[in-house]
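Results of the structural survey
Each chain, written out:
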Amino acid sequence: GESVGLHLPTLSVQEGDNSIINCAYSNSASDYFIWYKQESGKGPQFIIDIRSNMDKRQGQRVTVLLNKTVKHLSLQIAATQPGDSAVYFCADQVDRDDKIIFGKGTRLHILP
Amino acid sequence: EPEVTQTPSHQVTQMGQEVILRCVPISNHLYFYWYRQILGQKVEFLVSFYNNEISEKSEIFDDQFSVERPDGSNFTLKIRSTKLEDSAMYFCASEPDGYQPQHFGDGTRLSIL
């Protein structure tokens, strides 16, 4: 069935270090993957996405890696800042315009 | 940057009462969604809406739930007779055509007493 799960519920990272948040998905039919950031009291905010025909995509300070062989997705945040503190969700869609299946989320805590 | 707006930000309702949650999606978007998030849990899909009809609904979206797009800008979620377990954050999302990310509003916190 469809499911997206995260390995760690909480990740603590020193400010300035790089963060890596991991995610496993189970539906091999998933074609589109998204990372969302959720700050307290806010809705999920889009960070970066990747299609299944790619294995890496870079944004401004973020990189998403997709390993379809082992159904693994990761989000790398470079030079982590206090404003990066949030819960991060990976999510997938089987097809465009499909519902999003969210994982449980990883809370990223930035240490001073 | 255009955004999805939701009202009210917090709704407190007695059990058994009807509630309507309102959303204004991004204007050129074609696909509309409602999700909910029970406190401390993951975001769950409720319903998707396209071309003035429901595209898909989850098992959560039972006969007590309905959605409507009454005009060109609003998208509403109605719960006819609320239950205690309906207490959650409700998020509206919209999406343009193609492989584009869904954009979420900041949600309505629904508290059922």
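Predicted, not measured: the structure shown is a model, and the values here were computed from it. (Residues numbered from 1 in each chain as written. Chains lettered and ligands numbered in written order. Predicted model: local features only at pLDDT ≥ 70, side-chain atom pairs only at ≥ 80, totals over all residues. Heavy atoms only, no water.)

**Thoughts on unusual backbone geometry**
Here the residue pair Thr7(B) and Pro8(B) is connected by a cis peptide bond, since its omega of -10 degrees sits within 30 degrees of zero. Following the sequence through the fold, Pro8(B) ends up in the loop between β1 (5–7) and β2 (10–13). Unusually for a residue other than glycine, Ala79(A) sits at a positive phi of about 50 degrees. For Ala79(A), the location among the structural elements is in the loop between β8 (72–77) and β9 (86–93). Relative accessible area serves as the criterion here: at 34%, Ala79(A) is assigned to the partly exposed category. At Asn51(B), a residue that is not glycine, the phi angle is positive and equals roughly 55 degrees. On the secondary structure map, Asn51(B) appears in the loop between β5 (43–50) and β6 (53–57). Assessed through its relative accessible area of 59%, Asn51(B) is described here as exposed. (Helix = DSSP H or I, 4+ residues; strand = E, 2+ residues; numbered from the N terminus. Buried < 20%, exposed > 50% of the residue type's maximum accessible area, 1.4 Å probe, protein only.)

**A short note on the packing of aromatic side chains**
Evaluated as defined, the whole model comprises 15 aromatic pairs over all chains. Taking 5.9 Å as the distance between ring centres and 90 degrees as the angle between the ring planes, the aromatic pair formed by Phe89(A) and Phe102(A) counts as edge-to-face. With Phe89(A) in strand β9 and Phe102(A) in strand β10 (residues 101–102), this residue pair connects regions lying 13 residues apart in the sequence. Of the two residues, Phe89(A) and Phe102(A), both sit in the buried class. Centroid distance Phe102(A) to Phe104(B): 5.8 Å. Interplanar angle 75 degrees. Geometry classified as edge-to-face. Residue Phe102(A) is located in strand β10, and its partner Phe104(B) is located in strand β10 (residues 103–104); the two belong to separate chains. Across this residue pair, the class does not change: Phe102(A) and Phe104(B) are buried. Taken together through their ring pairs, the aromatic side chains of Tyr36(A), Phe46(A), Phe89(A), Phe102(A), Tyr33(B), Tyr35(B), Phe45(B) and Phe104(B) make up a single cluster. Its end group placed over the ring of Phe45(B), Lys99(A) keeps NZ or CZ at 5.9 Å from the ring centre. (Phe/Tyr/Trp six-rings, centres within 6.5 Å; stacked < 30°, edge-to-face > 60°. Lys NZ or Arg CZ within 6 Å of the ring centre and 35° of its normal.)

**Description of the state of the cysteines**
Chemically, a disulfide is nothing more than a covalent bond linking the sulfur atoms of two cysteines. For the structure on display, the rule yields two disulfides over all chains. Through a disulfide, Cys23(A) is tied to Cys90(A); the S-S separation comes to 1.8 Å. Negative torsions about the S-S bond denote left-handed disulfides, and the value of about 55 degrees found for Cys23(A) with Cys90(A) makes this one right-handed. Residue Cys23(A) is found in strand β3 (residues 19–25), and its partner Cys90(A) is found in strand β9; the two are separated by 67 residues along the sequence. One exposure class covers both Cys23(A) and Cys90(A), and it is buried. One disulfide in the model links Cys23(B) with Cys92(B); its S-S distance is 2.0 Å. Residues Cys23(B) and Cys92(B) are joined by a disulfide whose S-S torsion is about -65 degrees; by sign, that bridge is left-handed. Here Cys23(B), found in strand β3 (residues 19–24), pairs with Cys92(B), found in strand β9 (residues 88–95); they are 69 residues apart in sequence, far enough to count as distant. Each of the two residues, Cys23(B) as well as Cys92(B), counts as buried. (Disulfide = S-S within 2.5 Å.)

**Considerations on the interface of chain B and chain A**
Where interface size is given, it is often the accessible area lost as the parts come together that is meant. Each partner contributes to the interface: chain B provides 20 residues, whereas chain A provides 22 residues. Linking chain B to chain A there are two salt bridges. Where Asp106(B) meets Lys42(A), a salt bridge forms, and the shortest distance between an N and an O atom there is 3.9 Å. Linking chain B with chain A are six residue pairs in polar contact (both at pLDDT 80 or more), by the criterion used here. When residues of the side of chain B that touches chain A are traced back to their parent elements, those giving at least two are β4 (31–37), β5 and β9 of chain B. In terms of residue count, the dominant contributor to the side of chain B that touches chain A is β4(B) (four residues). By residue class, the composition of the side of chain B that touches chain A is 10 nonpolar, five polar and five charged. (Contact = heavy atoms within 4.5 Å. Salt bridge = Lys/Arg side-chain N within 4 Å of Asp/Glu carboxyl O. Polar contact = N/O pair within 3.5 Å; in protein donor to acceptor, adjacent residues only side chain to side chain. Nonpolar A, V, L, I, M, F, W, Y, C, P; charged D, E, K, R; others polar.)

**Looking at the sheet that holds β3(B)**
All names here are of chain B. What the four strands build is an open sheet, ordered β1-β3-β8-β7; its pairing is antiparallel. Each edge of the open sheet carries a strand with a single partner, namely β1 and β7 (65–68). Averaged over neighbouring strand pairs, the angle between their axes works out to 20 degrees when direction is ignored. Direction of pairing for β7 relative to strand β8 (residues 75–79): antiparallel, over a ladder of four bridges. Counted as the bridge partner of serine 66 is lysine 78 from β8. (Pairing = 2+ DSSP bridges. Axes fitted to C-alpha atoms, helices over the stretch in contact; angles between N-to-C directions.)

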